[in-house]
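Results of the structural survey
The chain contents come next:
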Amino acid sequence: MIDETHDPARASWIASANGHADFPIQNLPFGVFSPPDGGTPRGGVAIGGSILDLWAAASAGLFAGAARDAAEAASGPALNPLLALGDGPRIALRRRLSALLDRDGPERGRIGKLADRLLHPIDRCALHLPAAIGDYTDFFAGIQHATNTGRLFRPDNPLLPNYKYVPVAYHGRASSVRVSGVPVRRPSGQRKPPDQPAPDFGPCRTLDYELELGIWVGPGNDQGVPIPIARAGAHVAGFCLLNDWSARDIQAWEYQPLGPFLAKSFHTTISPWVVTAEAMAPFRVPARPRGADEPAPLPYLSDAADQAGGGLAIRFAVALLTPRMREAGRAPHKLSAVGADALYWTVAQMVSHHTSNGCNLRPGDLFGSGTLSGADPGSFGSLMELTQGGRAPLMLPDGETRRFLEDGDEVILTAQATAPGRVPIGFGACRGVVLGAG
Ligand code: CA
């Protein structure tokens, strides 16, 4: 899985890529963008502060064989055809792109002459959802989050008895997933505070975010044909950041007995780039070990290779920018940071469990991992946890306080994958501003 594209010594002739926190030449994530002149949406690759236009590069004859197949599949307004191809063509395209962008590569002169046609500044491009999302499933694999939130409802018995056997999830709403930067309208719904005898209808009073890892499905499976865990990796195309905006008051009243519905379906934000499974290869680590007092996964969720390399060395952070901070020119205030080791279940276990009943996945389906939280407040992935359900307001630098999100607040998720001796890679930001209920 590790090849020359991961070489930490490789640098790009695109100077902004070298030392770039998110998009050095070792990353090469795929996305969909419109160029500054307003052309039609098409596939591109982030490299430093630029986007390489895959359609233009393919038209210029820079690709052959499987790499050309992948580039052509990534040339349209959604990457589903690329995701459907699987890792063979995707890796061929990655290797070719890495060679073309290599500062010391033999084709530097050839592609350099085309740079004006192929490269656009990211800041001047419009970024879109990378794929048409057919289905979106949100897991609950952050065990500390499950414990923290369970404790708010069941102090003595926070984790339900199925948690360590079943990768719990609910089916989210694909139609309302939006790319980073699209504002989030505060939802209205039924609210019933404990001291109120009956519900009323109005704007959510306890709007929250959830910090999650997003997972892009590559090739799907036929209905009735489960994906064995040993082959689950071949169905995962890549990763993004995901904010599962949550209306806690609506959720608390509606969730029993069938789980979240309108408290979640109004909006979900994802980062624009598909950070491929290949790019993540150097950042594979062992899955979270099970304690002696924890049950072993059932056989269909057990795989030695997945236990050895199914974890991800990613650190995530959440920051908040309030209107007052924005007006004062302040930087966003970091609320928490947490690692992907917060996940009780691996991505392969999610894929295998999801299809274990014969359910078919399709290219461009999206998973959320579940909220990522650690054991201490500095690592909590939602305000509900950080403020103990709103009982303990957060203090912000200018003396402001927050129990939940207020209108004008912007939530910014970021993440970086790191490993000793490797060039770190990032995801790009996943951000959204809260708008009033209107
Ligand atoms: Ca969630």
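Residues numbered from 1 in each chain as written. Predicted model: local features only at pLDDT ≥ 70, side-chain atom pairs only at ≥ 80, totals over all residues. Heavy atoms only, no water.

**What about the packing of helix α2 (residues 65-73) against helix α4 (residues 87-101)?**
Between α2 and α4, whose axes approach to 7 Å, the crossing angle comes to 100 degrees. Taken as axis vectors, α2 and α4 run roughly perpendicular relative to one another. Two secondary-structure elements touch here, α2 through A66, A67, A70 and A71 and α4 through P89, R90, A92, L93 and R96. Of the residues belonging to the contact of α2 with α4, the class tally is seven nonpolar, no polar and two charged. (Axes fitted to C-alpha atoms, helices over the stretch in contact; angles between N-to-C directions. Helix = DSSP H or I, 4+ residues; strand = E, 2+ residues; numbered from the N terminus. Parallel < 35°, antiparallel > 145°, perpendicular 65-115°, else oblique. Contact = heavy atoms within 4.5 Å. Nonpolar A, V, L, I, M, F, W, Y, C, P; charged D, E, K, R; others polar.)

**Focus on the side chain of S180**
Tracing the backbone shows S180 in the loop between β8 (177-179) and β9 (184-185). For S180, a relative accessible area of 18% puts it in the buried group. Here R431 takes part through its backbone nitrogen, which lies 2.9 Å from a polar atom of the side chain of S180. Apart from the residues lying within four places of it in its own chain, the contact partners of S180 are T269, I270, S271, P272, A429, C430 and R431. (Buried < 20%, exposed > 50% of the residue type's maximum accessible area, 1.4 Å probe, protein only. Polar contact = N/O pair within 3.5 Å; in protein donor to acceptor, adjacent residues only side chain to side chain.)

**Brief notes about the nonpolar core**
By size, the foremost hydrophobic cluster in this structure holds 66 residues, and its most contacted members are Y209, F239, M280, I314, F316, L335 and L405. Sequence-distant contacts of Y209, that is, excluding residues within four places in its chain, are made with N243, D244, W245, R248, V318, L335, G381, S382, L383, L386, L405 and V411. Counting 46 residues, the second-largest nonpolar core is a separate cluster that includes I14, A71, A74 and L366. (Core = buried A, V, L, I, M, F, W, Y, C linked by side-chain atoms within 4.5 Å.)

**Here we look at helix α7 (residues 143-153)**
When α7 is considered as a whole, its buried residues turn out to be I143, H145, A146, T147, N148, T149 and G150. Buried residues along α7 sit against α12 (383-386).

**Description of the domain arrangement of the protein**
According to the domain assignment, the protein contains domain 1 (4-128) and domain 2 (136-435). For domain 1 and domain 2, the distance between their C-alpha centres works out to 29 Å. Listed as interface residues are 28 residues of domain 1 and, on the opposing side, 29 residues of domain 2. Carbon and sulfur atoms make up 64% of the surface buried where domain 1 meets domain 2, a total of about 2,100 Å² over both sides. (Domains from an automatic or database assignment. Buried area = accessible area lost by both parts, 1.4 Å probe.)

**Points about the packing of aromatic side chains**
A complete count under the given rule lists five aromatic pairs for this structure. Measuring from ring centre to ring centre gives 5.8 Å for Y163 and Y344, while their planes differ by 50 degrees; the resulting arrangement is tilted. With a gap of 181 residues between them, Y163 in the loop between α7 and β7 (169-172) and Y344 in the loop between β21 (333-339) and α11 (347-355) connect regions that are remote in the sequence. Each member of the pair, Y163 as well as Y344, carries the same accessibility label: buried. Ring centres of Y344 and W345 lie 5.3 Å apart, and the angle between their planes is 80 degrees; this geometry places the pair in the edge-to-face category. Here a set of aromatic residues connected by ring pairs shows up, and it is made of F140, Y163, Y344 and W345. A cation over a ring is seen here: R290 above W345, with NZ or CZ 4.6 Å from the ring centre. (Phe/Tyr/Trp six-rings, centres within 6.5 Å; stacked < 30°, edge-to-face > 60°. Lys NZ or Arg CZ within 6 Å of the ring centre and 35° of its normal.)

**Topic: the sheet that holds strand β3 (residues 50-53)**
Here we have five strands laid out as an open sheet, ordered β4-β3-β2-β1-β5, and antiparallel in their pairing. A strand with exactly one partner marks an edge of an open sheet, and here the two such strands are β4 (119-121) and β5 (126-128). When strand polarity is set aside, the average angle formed by the axes of neighbouring strands in this sheet is 45 degrees. Bridge analysis of β3 against β4 gives three bridges, and the strand direction is antiparallel. Bridge assignment links L52 to a residue of β4, and that residue is L119. Where α4 meets the sheet, it contacts β1 (30-34), β2 (42-47) and β3, and its direction lies at approximately 70 degrees from that of β1. (Pairing = 2+ DSSP bridges.)

**Observations concerning the pairing of β1**
Counting buried residues along β1, five of its five residues qualify, which places the element largely inside the surrounding structure. Every second residue of β1 is oriented toward a common face, with F30, V32 and S34 on one face and G31 and F33 on the other, all of them buried. Across four bridges, the pairing between β1 and β2 is antiparallel. By the bridge assignment for β2, F33 is matched with R42. In terms of strand pairing, β1 meets β5 through three bridges, oriented antiparallel. Bridge pairing in β5 links V32 to H128.

**Examining unusual backbone geometry**
In this model, Q256 is joined to P257 through a cis peptide bond whose omega is 0 degrees. Checked against the element boundaries, P257 lands in the loop between α8 (248-254) and β16 (268-270). Its identity is not glycine, yet L28 carries a phi of approximately 55 degrees, on the positive side. You can see L28 is positioned in the segment before β1. One non-glycine residue with positive phi stands out, namely Q388, at about 50 degrees. Of note, Q388 is situated in the loop between α12 and β23 (394-395).

**Concerning the layout of surface pockets**
Estimated volume of the largest pocket: approximately 1,300 Å³. Contributing elements (two or more residues each) for the lining of the largest pocket: β6 (136-139), α7, β7 and α8. Sort the elements by how many residues they give to the lining of the largest pocket and α7 lands first, with six residues. Of the residues in the lining of the largest pocket, the class split is 21 nonpolar, 12 polar and 12 charged. In this structure, the second largest pocket occupies an estimated 450 Å³ of space. Taken together, 22 residues make up the lining of the second largest pocket; nearest its centre are A232, G233, A234, R284 and A348. Sorting the residues of the lining of the second largest pocket by element identifies α4, α9 (304-309) and α11 as the ones contributing at least two each. The class makeup of the residues in the lining of the second largest pocket is 11 nonpolar, four polar and seven charged. (1 Å grid on protein atoms, 1.4 Å probe; cavity = no way out; pocket = protein on both sides within 12 Å on 5 of 7 lines; lining within 4 Å. Points joined across faces, edges and corners; volume = space filled by probe spheres on them.)

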